[in-house]
Amino acid sequence: MPDHAELLCATPFSFLEGASHAEELVGQSKALGLAALGVADRNTVAGVVRAHEAARKEGLRLLVGARLAFADGTPEVVVYPVDRAAWGRLTTLLTLGKRRAKKGECLLTRADLAAHAAGLVGIVVPPQEGVARVLAELREVLGGRAWVAARRAHGADDARRLGVLAAAAAQARVPMLATHDVLY
């Protein structure tokens, strides 16, 4: 499996979601022979320091970003900066969202993402239904650097749901990306 990378992983810094520590995620990724691992916690980059240290020790390529949750109904988007300037815009965006909200929360909108999107690559994490209407808009916001996460929910309607998602992605001209959306 050397050409496979898991790009949607969360650490315990994604409170009440990510269960495995960065070191455990990196170790398991290395044991599975993954080419790379992407760590993106919800509205924070707090988990990336430990992930970076573990990946360096294991010799595993690491992508660091954030999973952005929005207050305006926009689907979650996992973003990865492509350079140092984009990293600065991502951390500025997160700071903006945290300053607007009460402690422990983050208040972001699609307009905030648009204002800070230069140099960010995004993976749209669709809700179970209704993503077609925003995929094309998010592709534009991200300057064409957008994918849509395709993941199995292990339910009876997986084939139908993924078929609907594939049709919406094709219509919006957004490629699909297979993921497991790893939490532990």
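Scroll up to find the structure.
Keep in mind that this is a model prediction, so the values were computed, not measured.

J.: So what exactly am I meant to see when it comes to the overall build of the protein chain here?
T.: Assigned secondary structure in the protein chain consists of six helices and seven strands. Counted from the first residue to the last, the protein chain has its helices and strands arranged as β-α-β-α-β-β-α-α-β-α-β-α-β. In terms of C-alpha radius of gyration, the protein chain reaches 16 Å, essentially the compact-globule figure of 16 Å for 184 residues. Projecting the C-alpha coordinates of the protein chain onto the three principal axes gives extents of approximately 40 × 40 × 30 Å. Looking at the protein chain residue by residue over its 184 residues, the buried ones come to 46%. Contacts in the protein chain between residues far apart in sequence, at least 24 positions, make up 71% of those at least 6 positions apart. Within the structure as shown, the protein chain displays about 9,400 Å² of accessible surface, and the carbon and sulfur contribution to it stands at 57%. In the protein chain, the 23 positive side-chain charges and the 19 negative ones have mean positions that sit 4 Å from each other.

J.: Looking at this structure, I do not really get the pattern of salt bridges. What am I missing?
T.: Side-chain pairing between opposite charges can occur once the charged atoms of the two side chains come close. For the coordinates displayed, the defined rule picks out nine salt bridges. Of the charged contacts, one joins aspartate 112 and arginine 100 as a salt bridge, the two residues approaching to 2.5 Å between their closest N and O atoms. Of this pair, aspartate 112 sits in helix α4 (residues 110-116) while arginine 100 sits in helix α3 (residues 84-100), and the two are 12 residues apart along the sequence. Since its relative accessible area comes to 8%, aspartate 112 is described here as buried. Linked by salt bridges that have partners in common, Arg42, Arg67 and Glu76 make up one network.

J.: Got a minute to help me understand the side chain of aspartate 158 in this structure?
T.: With respect to the helices and strands, aspartate 158 occurs in helix α6 (residues 158-172). Judged by relative accessible area, which is 7%, aspartate 158 ranks as buried. There is a polar contact of 3.0 Å between the side chain of aspartate 158 and the side chain of arginine 161. Among all residues touching aspartate 158, those that are not within four sequence positions of it are Arg152 and Ala153.

J.: Hey, could you run me through the sheet that holds strand β2 (residues 36-42) in this one?
T.: Two orientations exist for strands paired in a sheet by backbone hydrogen bonds: parallel and antiparallel. Pairing is mixed in the open sheet, where seven strands are placed in the order β1-β2-β3-β4-β5-β6-β7. Sheet topology places β1 (5-9) and β7 (176-178) at the edges, where each strand pairs with a single neighbour. Each neighbouring strand pair of the sheet contributes to a mean axis angle of 30°, computed without reference to strand direction. When β2 meets strand β3 (residues 61-68), the two strands line up parallel, connected through seven bridges. If you follow leucine 37 over to β3, its bridge partner there is leucine 62. Those strands touched by helix α2 (residues 48-58) are β2 and β3, and its axis lies near 165° from that of β3.

Each value, and the rule that gives it
- Residues numbered from 1 in each chain as written.
- Predicted model: local features only at pLDDT ≥ 70, side-chain atom pairs only at ≥ 80, totals over all residues.
- Heavy atoms only, no water.
- Helix = DSSP H or I, 4+ residues; strand = E, 2+ residues; numbered from the N terminus.
- Rg over C-alpha atoms; globule rule 2.2 N^0.38 Å.
- Buried < 20%, exposed > 50% of the residue type's maximum accessible area, 1.4 Å probe, protein only.
- Contact = heavy atoms within 4.5 Å.
- Areas by Shrake-Rupley, 256 points an atom, 1.4 Å probe, with all protein chains shown as cover.
- Lys, Arg positive; Asp, Glu negative; His and termini not counted.
- Charge placed at Lys NZ, Arg CZ, Asp CG, Glu CD.
- Salt bridge = Lys/Arg side-chain N within 4 Å of Asp/Glu carboxyl O.
- Polar contact = N/O pair within 3.5 Å; in protein donor to acceptor, adjacent residues only side chain to side chain.
- Pairing = 2+ DSSP bridges.
- Axes fitted to C-alpha atoms, helices over the stretch in contact; angles between N-to-C directions.

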